[in-house]
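Report on the structure
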Amino acid sequence: MKKILLPAASIALASAAVLAPPAAASSTQTLRVSVDGRYCPEFGVYGISHINVNGTGDLRADQNFIWNTQTAETPIGSVPPEGALANITVTYHCNVQVLWWHEAGSAQQATGTRWVNGSGWQPSYTLVPAAAAGNGATAGR
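A brief look at the structure comes next. (Residues numbered from 1 in each chain as written. Predicted model: local features only at pLDDT ≥ 70, side-chain atom pairs only at ≥ 80, totals over all residues. Heavy atoms only, no water.)

One face of the sheet, then the other: side chains in a regular strand alternate in exactly this way. Pairing of strand β2 (residues 45-55) with strand β5 (residues 84-98), which is carried by 9 bridges, proceeds in the antiparallel orientation. Following the sheet pairing, I48 is matched in β5 by Y92. Here 6 bridges tie β2 to strand β3 (residues 60-69), and the two strands are oriented antiparallel to one another. Bridge pairing in β3 links I48 to T69. (Pairing = 2+ DSSP bridges. Helix = DSSP H or I, 4+ residues; strand = E, 2+ residues; numbered from the N terminus.)

In structure tokens form, the structure reads like this:
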């Protein structure tokens with residue numbers, strides 16, 4: 001009897017291991033973010049210099065840009081297959097007038113929470129000041 005149970009148990013364990021669904025793998029997705037001109041109403045946005053993203057699990061991104069970048073693309077690592085909310089902090093600079101030309105002003109930050117798809121197409125987001133969004137929270141397009 002012991003000889004019959006041992007092979008049967010081995011077959012049951014082996015088939016359970018083969019039939020178990022694979023663990024869903026996270027992915028890296030590219031997010032495009034810009035800052036609405038209403039953050040810099042006087043002379044407009046000079047550009048984005050940094051993006052930091054964190055969210056569910058290990059979802060993350062941290063990237064510097066040339067300061068005159070208007071729409072920043074950043075890869076976000078560890079996005080779960082079902083997608084996740086991402087907390088985005090964008091460091092940007094407004095144009096400031098110096099005599100008859102414009103230069104980058106001091107660093108400022110805009111924040112927002114956006115959905116990152118687990119795969120496929122990703123929308124581009126524009127962070128908008130809360131007053132312009134009309135709901136007390138930073139909105140995006």
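Having put the structure on the table, let's press on.
Before going further, it helps to examine the pattern of salt bridges. Under the defined criterion, the tally for this structure stands at 1 salt bridge. Residues D36 and R38 are paired through a salt bridge, measuring 2.7 Å at the closest nitrogen-oxygen approach. Taking the relative accessible area as the measure of exposure, R38 reaches 47% and is therefore partly exposed. (Salt bridge = Lys/Arg side-chain N within 4 Å of Asp/Glu carboxyl O. Buried < 20%, exposed > 50% of the residue type's maximum accessible area, 1.4 Å probe, protein only.)

Attention now moves to a nonpolar patch on the surface. A surface patch of nonpolar side chains, about 410 Å² in accessible area, is lined by L99, W100 and W101. As for its placement among the helices and strands, L99 is situated in the loop between β5 and β6 (101-116). (Patch = residues over 30% accessible without salt bridge, like charges linked within 9 Å, V, L, I, M, F, W, Y side chains within 5 Å. Areas by Shrake-Rupley, 256 points an atom, 1.4 Å probe, with all protein chains shown as cover.)

The next subject is the environment of P123. Along the chain, the position of P123 falls in the loop between β6 and β7 (124-127). Classification of P123 as buried rests on a relative accessible area of 15%. When the C-alpha positions of P123 and T30 are compared, they lie 9.5 Å apart, and in sequence the two are 93 residues distant. Not counting residues up to four positions away in its chain, the partners in contact with P123 are L31, R32 and N117. (Contact = heavy atoms within 4.5 Å.)

With the rule as written, the count across this model stands at 1 disulfide. C40 shares a disulfide with C94; S-S distance 1.9 Å. Of note, the bridge from C40 to C94 carries an S-S torsion of about -75° and is left-handed in sense. Taken as a pair, C40 in the loop between β1 (27-35) and β2 and C94 in strand β5 lie far apart in primary sequence, 54 residues in all. Assigned by exposure class, C40 and C94 land together as buried. (Disulfide = S-S within 2.5 Å.)

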